[in-house]
Structure formats: C-alpha cells, structure tokens
Amino acid sequence: MATQVRKGERALTVGWPDWPQATFHFIWLRDNCQCPACLHPSTRERTHFTADVPAGVTAAEAALTAEGDLRVRWAPSTLDPEGHESVFPDGFLRAFLYPAESGPLQAPPQRRLWAGELNGRVPSFDFAEVVRDDAALLGWCEAIRDVGLAVVHGLPNHNGEVERFVERVAFVRETVYDRLHEVFVDPKAYNVASTALELKPHTDMPNYAWPPSIQLLHFMRNEARGGETTAVDGFQVAERLREERPDCFDLLTHVQACWRMFSEKGDIVGRAPMITLDPEGRITLVRFSNQLMQPLQIAPELVEPFYEAYRILARMIEDPANQVVMRMSSGDLVTTHNHRVLHGRKAFDPASGARKLQLSYMDFDDLLSRIRLLSARRAVAA
C-alpha cells in the first residue's frame, strides 16, 4: 500500500515501497473522484461533466489513511463552491498510474511472437474441459490473447457446434456471409476456400473497417489426404520487416490497399494500409488476403515500391521457417486472432475422403471482456 504523499503546486506525488513515486495531477484526481456523488454507485459511470472541472482546481489537504488510501479535501471552486472530499483506494491508484510511470505495477500482457518453432507446441485444450471449467476457458482465452493461435480437441460433430462454442465465450460476429458459414468443395465455388486448391496464408475479411478479430474453424470431417492447416504470426513477420526493410514497412503502414468481398447479402469494399499501428507504434492489425485484393489505385510513383514491399512481405509469409503446419482431425477447432495470425491450407484430394468445415467469428474485445470477468470471479473465489 502507499506509504507517502507529497503535495505540489499542481499535483500530488504518491509513493509505494515497491514503486518509489507516481504523479497524479489535481485536475485528474478531481475528475476521477470515486464518491457516490461523482461516480454512480451501480453503473460506475461519471455523473459530473468533465469540462466543469476548473483548470485551477487544487487540493487544500491530502493525506493517506491507515489502509494506504488517498484522502483529498478540495479547495472551493466553481465546481465545488463549498469544497469536496474524495477518497482514492490504493488499488485504484496503482491500477491507473500514468503510462510512463506504470512500469512493473501494471505491465500489459506480453505478446508472444512466434515462427516455426511453435510447430508441435500450439496451445491445445479439451472441449469438455473448456465448456465446463472456467479455469480451462480462461486458459484458452489467454492463449488467443497472447499467442493468437490455439486448438480445441473433441468438439461434437454437430451442426452449429462452433456457434455454440462462441456463445459460451461471448457473441457471434455476423458478416456479409452466413452467421454459421460452411466450407466444402463446391463446383460453383464462391471463393478459393470452396475448392481443393492450396489456400495461401491470409487474414479473413480485410475489406471490413474492423475485420472480425477472432476466427473459429470447426473441422467436422477431415478425412481427405492433404489439406494441412498452415498458420503464420503476422505480427512477428511484420516486426521482422520493420527491422530488415524499414522503408517497406513504412510504406505498408501508410499506403492504402483495397479489398472486396460480396455475397447475396451485401458487397463490402474497404481501403486501408496492410499494417496498422497504434499511436505508440505497436502493430495492431495485419491485413493480407491475396485473393481478395483489388487493383491498386495509388500515386504512380508508389506503384513499383508498393509491389516490392508486398513481394518481400509475401515471401516472408510463405517462408516455411515462419509457418506452423498442423494436421487437423475431425472434431478439432482451430481458433486464431484474425487481426494477427494468417491461416491457410495445403491442397488436398477431395476424392480421398470427406472434408467439411464450419466457421464463426467473434471479436477480440469480447474475448478480453471474458478474461476480465473470469479473472474477477477467480479473485473473489480466492
């Protein structure tokens, strides 16, 4: 718990034995008061208007309670003509340290980048355990969060089982295709997936502004020769591209490509860079689908540089050293973080045995929500 607090001109400095000090500005503290008058007790939503907190708000007094909580008495202001008192629990302060000061107190989960060394070591789970045991479900969720790839064995080979699995976790993300989509060899193929041809590693539906972020693929029957599943960590490949060819990486984060996908339900066309970064430069989304990409419409001087960057990235994706290859059995469920992991398959012989798959999607935000709920439940039980 906090052991020291020091009042400055515009902020408080709070210190812990395991973390020397952290800064909390008066305006930030007043805006985030935890009392029932400022934060609705059941919705946990702010009830005052942030813009009403005056720029010059200041603390008249600040002290730590015996439990290490921070108690602040505010000087009168236009928001609080008669003053106000706030209490900030120690856990709240530690959870919301400013990012530059957060260090070991709230380090985000480390994304585990991988290449071919993951062959034979893909996180695997038992269906019966995942659906009945919250600890197993949490393990699966964390594997998708951290690794982006996991396999669940032993699904019943019933229609709609993958949809029911998604609903055990969160909600089905619907798209221009069916809510529950079937993949099998079709003479009137709408997509390379409905043939027996090789399917190059790709991400699904890059034509959406926010592509479905988790794909779940249920192998209901997989008895044909060939057709091994391939997977590539797009974040790992993109980081290598940033290191080895920063010029190509920069181009693919700025120049917009175009993808299109259509069905009887709709026609979705989207333009975006192939690699998306957050404000800190972390890779957050890789879009790569050779079959869905539309003719480029970019400045003439960028056409050849773009194709060079695309070629280098594509060859890295195709490099066996970067690929995981898995032979899936009937009843297996392959789950991927679709904003990160590219998936594909080898060619197969449709005359050698049955092959039928069903897939659904869900969103990564809902997976993170499930992790928070399960972790909170575990903490209460402990």
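Whatever comes next refers back to the structure up there.
First things first, this report covers the structure right here in the doc. (Residues numbered from 1 in each chain as written. Predicted model: local features only at pLDDT ≥ 70, side-chain atom pairs only at ≥ 80, totals over all residues. Heavy atoms only, no water.)

1. Examining empty space enclosed by the protein
Then, number 1: Enumeration over the complete set of coordinates arrives at 2 cavities of 30 Å³ or more.
Then, number 2: Computed from the structure, the largest cavity encloses a volume of approximately 330 Å³.
Then, number 3: Every element with two or more residues in the lining of the largest cavity is listed here: β9 (181–183), β10 (199–202), β11 (214–222), β20 (341–345) and β22 (355–362).
Then, number 4: Of the residues belonging to the lining of the largest cavity, the class tally is 13 nonpolar, 10 polar and 3 charged.
Then, number 5: Looking at the second largest cavity, its volume works out to about 40 Å³. (1 Å grid on protein atoms, 1.4 Å probe; cavity = no way out; pocket = protein on both sides within 12 Å on 5 of 7 lines; lining within 4 Å. Points joined across faces, edges and corners; volume = space filled by probe spheres on them. Helix = DSSP H or I, 4+ residues; strand = E, 2+ residues; numbered from the N terminus. Nonpolar A, V, L, I, M, F, W, Y, C, P; charged D, E, K, R; others polar.)

2. Here's the deal with the state of the cysteines
Think of a disulfide as a covalent bridge from one cysteine sulfur atom to another cysteine sulfur atom.
Then, number 1: Within this structure, the stated rule accounts for 0 disulfides.
Then, number 2: Here Cys 35 is not cross-linked by a disulfide; its sulfur's nearest cysteine counterpart is in Cys 33, at 3.6 Å.
Then, number 3: Cys 35 gets classed as buried once you look at its relative accessible area, which sits at 15%. (Disulfide = S-S within 2.5 Å. Buried < 20%, exposed > 50% of the residue type's maximum accessible area, 1.4 Å probe, protein only.)

3. Things to note about the packing of helix α7 (residues 234–244) against helix α9 (residues 300–318)
Then, number 1: Where α7 contacts α9, the axes come no closer than 10 Å and their chain directions differ by 135°. Overall, the two elements α7 and α9 adopt an arrangement that is oblique. In terms of crossing hand, the pair formed by α7 and α9 is right-handed. Together, Val 237, Arg 240 and Leu 241 of α7 and Ile 312, Leu 313, Met 316 and Ile 317 of α9 make up the contact between the two elements. (Axes fitted to C-alpha atoms, helices over the stretch in contact; angles between N-to-C directions. Parallel < 35°, antiparallel > 145°, perpendicular 65-115°, else oblique. Left-handed = near helix turned anticlockwise from the far one by under 90°. Contact = heavy atoms within 4.5 Å.)

4. Remarks on the packing of aromatic side chains
Then, number 1: One pass over the full model with this rule turns up 12 aromatic pairs.
Then, number 2: The interplanar angle of 40° and the centroid separation of 6.1 Å between the aromatic rings of Trp 28 and Phe 92 together place this pair among those described as tilted. Placement of the pair is Trp 28 in helix α1 (residues 26–31) and Phe 92 in helix α2 (residues 90–95), with a sequence separation of 64 residues.
Then, number 3: Since its relative accessible area comes to 14%, Phe 92 is described here as buried.
Then, number 4: Taken together through their ring pairs, the aromatic side chains of Phe 24, Trp 28, Phe 88, Phe 92, Phe 96 and Tyr 98 make up a single cluster.
Then, number 5: Across from the ring centre of Tyr 208, 5.4 Å away, lies the NZ or CZ of Arg 173, which sits over that ring.
Then, number 6: The lysine or arginine in question, Arg 355, covers the ring of Phe 348, its NZ or CZ lying 4.7 Å from the ring centre. (Phe/Tyr/Trp six-rings, centres within 6.5 Å; stacked < 30°, edge-to-face > 60°. Lys NZ or Arg CZ within 6 Å of the ring centre and 35° of its normal.)

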